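# Breakdown of the fold
Spelled out, the chains give:
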Amino acid sequence: EEAGRTIQKWEAKRAFSYVAYAEAQLGGRFSDDSVLYLALVLAIQAERILSEHSVNETDAEVLSWLQTLNIWPTAAYIAKNLGRQVGRNWPKSEIALIAMHLLTAPRNERWPDDLEIDESFGGLVDELMQYIADAYGLPSLAQDKTLHDGLVTHIVPTCLRHRFDIWAPLDFSQTKLSQTYNFERELASAIAMIVEQQVGVVLPESESNDIALML
């Protein structure tokens, strides 16, 4: 009963509209599970602030960097509207938390400015594209847009989750590749190793499996 009363306080349905707003502003789509998760995050965040439990501190360097990104005005708009709900303006630390969740949530497709978030991502993806092309012996594959965007979609949010030390639900694909696709599975493992060596991020099993499926 106590859990039920707590959950009833969370206006998750109202928060859905802000997730949709973020998608429209950022020019991409979150996965279906991410939409549910982000709505829940925003609803709980609003209830938490209403209960006067705000996050008052954020790493100054991270906060300054987030404010330079295109995602900041979107996060600020969401905070401003949710702030009306609780009758107060939200501190920048809470706006930053919204931005972090939006940046790290799993997506169905990449956002137009994903590679502008950090210049190191572009170099990493280019290196992976060339590695895959060499592995298949297909030089033209290094210029394949579908493959490029797929790598960006999987790798950028994962790297940012590691950077922010933020949790997000990850779907473990139910599709299991047969022995016919051992090459793709091994190639996905090699890609994960390159990512770990280059940026110190360990790709979770779900992302590695999804990359194998994509290949």
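Attention here is on the structure that accompanies the text. (Residues numbered from 1 in each chain as written. Predicted model: local features only at pLDDT ≥ 70, side-chain atom pairs only at ≥ 80, totals over all residues. Heavy atoms only, no water.)

## Overview of the packing of aromatic side chains
On inspection of all chains with the given rule, the structure shows 5 aromatic pairs. Between tyrosine 21 and tyrosine 77, the aromatic rings sit 4.3 Å apart at their centres with planes inclined by 25 degrees, giving stacked as the arrangement. Residue tyrosine 21 is found in helix α2 (residues 12-26), and its partner tyrosine 77 is found in helix α5 (residues 71-86); the two are separated by 56 residues along the sequence. For tyrosine 77, a relative accessible area of 38% corresponds to the partly exposed category. Between tyrosine 136 and phenylalanine 183, the aromatic rings sit 5.2 Å apart at their centres with planes inclined by 70 degrees, giving edge-to-face as the arrangement. With tyrosine 136 in helix α7 (residues 119-136) and phenylalanine 183 in helix α9 (residues 182-199), this pair connects stretches of sequence that are 47 residues apart. Seen from the ring of tryptophan 111, arginine 107 lies directly overhead, with NZ or CZ sitting 3.8 Å from the centre. The ring of tryptophan 65 carries arginine 163 above its face, with NZ or CZ at 5.0 Å from the centroid. (Phe/Tyr/Trp six-rings, centres within 6.5 Å; stacked < 30°, edge-to-face > 60°. Helix = DSSP H or I, 4+ residues; strand = E, 2+ residues; numbered from the N terminus. Buried < 20%, exposed > 50% of the residue type's maximum accessible area, 1.4 Å probe, protein only. Lys NZ or Arg CZ within 6 Å of the ring centre and 35° of its normal.)

## What to know about the environment of glutamate 47
In this structure, glutamate 47 sits in helix α3 (residues 32-50). Counting along the chain gives 38 residues from glutamate 47 to lysine 9, while the straight-line C-alpha distance between them is 7.1 Å. Beyond its immediate stretch of four places on either side in the chain, glutamate 47 contacts Lys9 and Trp10. (Contact = heavy atoms within 4.5 Å.)

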